[in-house]
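Architecture at a glance
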Amino acid sequence: MTATNGGPTGTRQDTVAGVVRQWQAVHPDINTGPMEIIGRINRCAALLQQAEDAPLRRAGLSRPEFDLLGALRRTGHELTPSELARETFSSGAAVTKRLKQLTERGLVERRGDSRDRRVAHVRLTDAGRDLVDGTLPEQLAYETTVLSGLDPHGQHELASLLGELLSQLEGRLGALRA
């Protein structure tokens, strides 16, 4: 799934391939291999964010809001805002802001902890659960369409390689942050 670069050979190239060629012309002695991977991951992420998840948008949700609702749905129990931040890889401030919006829309409820007033517990309302359950199949169908340019074997291979990379990064970068 690449875009045509308009080059004389007529081969299909992505934008990162052009950037790599330019860097190799300027610095032929530098290994651009990491750029070919990280640049493509970043470019894919940017394009996917621009698409803005059409089913989520139709449901009136942003991806981060859906991720919060999804975390509550898939875990099946109440979570604290700090647990939601960990589950969704978000900052505490971002979770607080999103929870306020989702509470105002009647999709989540907050209740105080009986032992510690500083702690809140968040759960899905029936409307929140219904929204997640109704939107998830549409979102997965949309994502299937986005990935349809790759055959099933290619999708599996890509998922496996990205899983390996993510596991390594989480271990390595997580240790650096600790």
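A brief look at the structure comes next. These numbers come from a predicted model, not from an experiment. Residue positions are given per chain, counted from 1 along the sequence in the order it is written. Two thresholds apply to this predicted model, a pLDDT of at least 70 for residue-level local features and 80 or more for giving and counting side-chain atom pairs, whereas whole-chain, interface and lining totals are computed over all residues. The side-chain figures draw on all heavy atoms in the structure; neither hydrogens nor water molecules are used.

**Some points on the overall build of the chain**
- Put simply, DSSP H or I for four residues or longer makes a helix, DSSP E for two residues or longer makes a strand, and each gets a number counted from the N terminus. Scanning the chain from terminus to terminus reveals eight helices and two strands.
- Order of helices (α) and strands (β) in the chain, N terminus to C terminus: α-α-α-α-α-α-β-β-α-α.
- Exposed residues in this analysis have more than 50% of their type's maximum accessible area, buried residues have under 20%, and partly exposed residues fall in between, with area computed by a 1.4 Å probe over protein chains only. Burial statistics for the chain: of 178 residues in total, 23% are counted as buried.
- Two residues form a contact once any of their heavy atoms are found within 4.5 Å. For the chain, the proportion of contacts with a sequence separation of at least 24, taken over those separated by at least 6, is 46%.
- Surface accessibility in these figures is a Shrake-Rupley result with a 1.4 Å probe; residues are shielded only by whichever protein chains are displayed. Accessible surface, the chain as shown: approximately 12200 Å² in total, 57% of it carbon and sulfur.

**Side note on the pairing of strand S2 (residues 120-124)**
- Within S2, four of the five residues are buried, which leaves the element mostly enclosed by the surrounding structure.
- Two strands pair under a simple rule: DSSP has to find at least two bridges between them. Direction of pairing for strand S1 (residues 108-112) relative to S2: antiparallel, over a ladder of five bridges. Its bridge partner being in S2, Val-108 is matched across the sheet by Leu-124.

**Examining the pattern of salt bridges**
- Throughout this description, the term salt bridge denotes a Lys or Arg side-chain nitrogen within 4 Å of a carboxyl oxygen of Asp or Glu. Summed over all chains, the structure comprises 13 salt bridges.
- The residue Lys-100 makes a salt bridge to Glu-104 at a minimum N-O spacing of 2.7 Å. Taken as a pair, Lys-100 and Glu-104 lie in helix H6 (residues 92-104) at a separation of four residues, close to a single helical turn. The burial state of Lys-100 is the same as that of Glu-104; both residues are exposed.
- Connected through shared salt-bridge partners, Asp-14, Glu-36 and Arg-40 make up one network.

**Considerations on the side chain of Gln-139**
- By secondary structure assignment, the location of Gln-139 is in helix H7 (residues 126-146).
- A residue is classified by how much of its surface remains accessible, and Gln-139, at 1% relative accessible area, is buried.
- Beyond its immediate chain neighbours, meaning those up to four positions away, Gln-139 contacts Asp-53, Pro-55, Leu-56 and Arg-63.

**Things to note about the nonpolar core**
- What makes a nonpolar core is a set of buried Ala, Val, Leu, Ile, Met, Phe, Trp, Tyr and Cys residues whose side-chain atoms join them at distances within 4.5 Å. Counting residues in hydrophobic clusters, the biggest one holds 19 residues, and the most contacted among them are Leu-61, Leu-69, Leu-72, Leu-84, Leu-99, Leu-102 and Val-108.
- Looking at this core, the elements that each hand over two or more residues are helix H4 (63-75), helix H5 (81-88), H6, S2 and H7.
- At five residues, the largest contribution of residues to this core is made by H4.
- Non-local contacts of Leu-99, meaning those with residues more than four positions away in its chain, are made with Leu-68, Pro-81, Leu-84, Val-108, Arg-110 and Val-122.

**Some words on the environment of Pro-55**
- Checked against the element boundaries, Pro-55 lands in helix H3 (residues 54-58).
- Look at Pro-55 and you get buried, because its relative accessible area is 4%.
- Residues contacting Pro-55, with those up to four places away along its chain left out, are Thr-135, Glu-138, Gln-139 and Tyr-142.

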